[in-house]
Amino acid sequence: MAKYLHTEGVCLRRIEYSNTSQVASFLTPDAGRLSFMAKGVTRAPKKGVRTGFDLLGRYELTYTARRSGSLHNLTHRWMRESFHDLRAALQRMLCAYYAAELVLNFTMEEDPCPSLYESLLRAVRAFASGKALGLNVLLLELAALREHGSCPTFDACAECKRKLPARGAVLFSPQAGGPLCKACENELRSQPHARLSRTTAVSAQVLKALAALNADVEARPGGEGRPTMPSRTAEGFPTMSAVLRFHMRDLLGKELSMWKYFERRTVSRSLARLRRQAGLV
Ligand SMILES: [Zn+2]
């Protein structure tokens, strides 16, 4: 007799399959990313009505493990959170789509990641509320990189681990996985790199610590009982965002498709400058 398994998950991708089915990928806390064949999931309860999974919806899932191939067989699902308010603004939806793409690219099938699952839920709830979108995107990016084991260091040289100088810009090397001290900079200057101001490096340290805490964070003071950003930290956001994407591009060997849709112009300009510096355009 088939053994039924139970978990919960956030829907990262769904693809129509035949007339009434979907192939869907979820991030789950206890089993990592799972992909399912959901037969009959779009079968209409009434004529003219189609149903299926909501992208980024949180569901409880019952399934039987795959026997062969790559898909588990989903037998029941119950929606727990629909995040309906994501649909209230285009910017919220774009952040949510990006969250799905980011997590799909930085997770492996069946590799448990409870901390990233918490970070994803926290980010999607923040996107649905429309608050501090850019900041919550950054925190999710740091959480995804931490789960992947490739989160840059920002407080010490990525190559020799010596402390970075307190002043002046430093060179960020995706290959080394972070900023470089002067001595290592001279050796690795020929590789693609970006300039990182001290403000950005300090901002990144603060955010990295907050992402590790998995805390609710607000960009401005006033959130009840929530950590807030030191005012100068926010100054480094556009460059930090650009530096993280520069790093992710190197890790993945490609650009994520959502970057071009929702970046603020300041981020786009920073990223364009980094690409030029690195000779990538
Ligand atoms: Zn060094």
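As a reminder, the structure under discussion sits directly above these lines.
Remember, it's a predicted structure, so these values are computed and weren't measured experimentally.

With respect to the helices and strands, T200 occurs in helix α5 (residues 198–213). Of the residues examined, T200 reaches a relative accessible area of 3% and is grouped as buried. Taking C-alpha positions, T200 is 9.1 Å from F154, a pair spaced 46 residues apart along the chain.

Estimated volume of the second largest pocket: approximately 180 Å³. For the lining of the second largest pocket, the residue count by class is 4 nonpolar, 4 polar and 4 charged.

Now for the packing of helix α1 (residues 90–106) against helix α3 (residues 133–148). It is the contact of α1 with α3, at a shortest axis distance of 10 Å, that shows an interaxial angle of 5°. Taken together, the axes of α1 and α3 are roughly parallel relative to one another. Counted together, Q91, R92, C95, Y98, A99, L102 and F106 of α1 and L133, V137, L140, E141, A144, L145 and H148 of α3 form the full contact between these two elements. Tallied by class, the residues present in the contact of α1 with α3 amount to 10 nonpolar, 2 polar and 2 charged.

Each donor-metal-donor angle would ideally measure 109.5 degrees in four-coordinate tetrahedral geometry, or 90 or 180 degrees in six-coordinate octahedral geometry. Coordination sphere of the zinc ion, protein contribution only: C157 (SG), C160 (SG), C181 (SG) and C184 (SG), at 2.3 to 2.4 Å. Here the zinc ion is ringed by 4 donor atoms whose angles at the metal span 106 to 115°, and the overall shape comes out tetrahedral. Mapping the donors of the zinc ion onto the primary sequence gives the spacing C-x2-C-x20-C-x2-C. We classify C181 as buried; its relative accessible area is 7%.

Tallied over the entire structure, the rule returns 10 salt bridges. One salt bridge connects E185 with K182, and the closest N-O pair in it is separated by 3.6 Å. Of the two residues, E185 and K182 both sit in helix α4 (residues 182–188), 3 residues apart, roughly one turn of that helix. Among the ionic contacts, a cluster of salt bridges with common partners joins E8, R58, E81 and R125.

Applying the stated criterion across every chain yields a total of 5 aromatic pairs. Note on F26 and F36: the rings are 5.8 Å apart at their centroids and 70° apart in plane angle, and the pair reads as edge-to-face. On the criterion of sequence distance, the pair formed by F26 in strand β2 (residues 21–28) and F36 in strand β3 (residues 32–38) is long-range, its members being 10 residues apart. Neither F26 nor F36 differs from the other in exposure class; each is buried. Their ring planes at 85° and their centres at 5.2 Å tell us that F53 and Y59 sit as a pair that is edge-to-face. Of the two residues, F53 and Y59, neither departs from the other in class, the shared state being buried. Through a chain of ring-to-ring contacts, three or more aromatic side chains come together here, namely F26, F36, F53, Y59 and Y63. The aromatic ring of F53 is capped on one face by R77, whose charged end is 5.4 Å from the ring centroid.

What follows deals with the sheet that holds strand β7 (residues 178–180). Strand order in this open sheet of 3 strands is β7-β6-β8, and the pairing throughout is antiparallel. Looking at the sheet topology across the chains shown, the edges are occupied by β7 and β8 (194–196). Neighbour-to-neighbour, the strand axes of this sheet turn through a mean angle of 45°, independent of strand direction. The pairing of strand β6 (residues 170–173) with β7 spans 3 bridges and is classified as antiparallel.

About the thresholds
Residues numbered from 1 in each chain as written. Predicted model: local features only at pLDDT ≥ 70, side-chain atom pairs only at ≥ 80, totals over all residues. Heavy atoms only, no water. Helix = DSSP H or I, 4+ residues; strand = E, 2+ residues; numbered from the N terminus. Buried < 20%, exposed > 50% of the residue type's maximum accessible area, 1.4 Å probe, protein only. 1 Å grid on protein atoms, 1.4 Å probe; cavity = no way out; pocket = protein on both sides within 12 Å on 5 of 7 lines; lining within 4 Å. Points joined across faces, edges and corners; volume = space filled by probe spheres on them. Nonpolar A, V, L, I, M, F, W, Y, C, P; charged D, E, K, R; others polar. Axes fitted to C-alpha atoms, helices over the stretch in contact; angles between N-to-C directions. Parallel < 35°, antiparallel > 145°, perpendicular 65-115°, else oblique. Contact = heavy atoms within 4.5 Å. Donors = N, O, S within 2.8 Å, 3.2 Å for Na, K, Ca; no water. Tetrahedral: all angles 85-135°; square planar, octahedral: opposite > 155°, others 65-115°. Salt bridge = Lys/Arg side-chain N within 4 Å of Asp/Glu carboxyl O. Phe/Tyr/Trp six-rings, centres within 6.5 Å; stacked < 30°, edge-to-face > 60°. Lys NZ or Arg CZ within 6 Å of the ring centre and 35° of its normal. Pairing = 2+ DSSP bridges.

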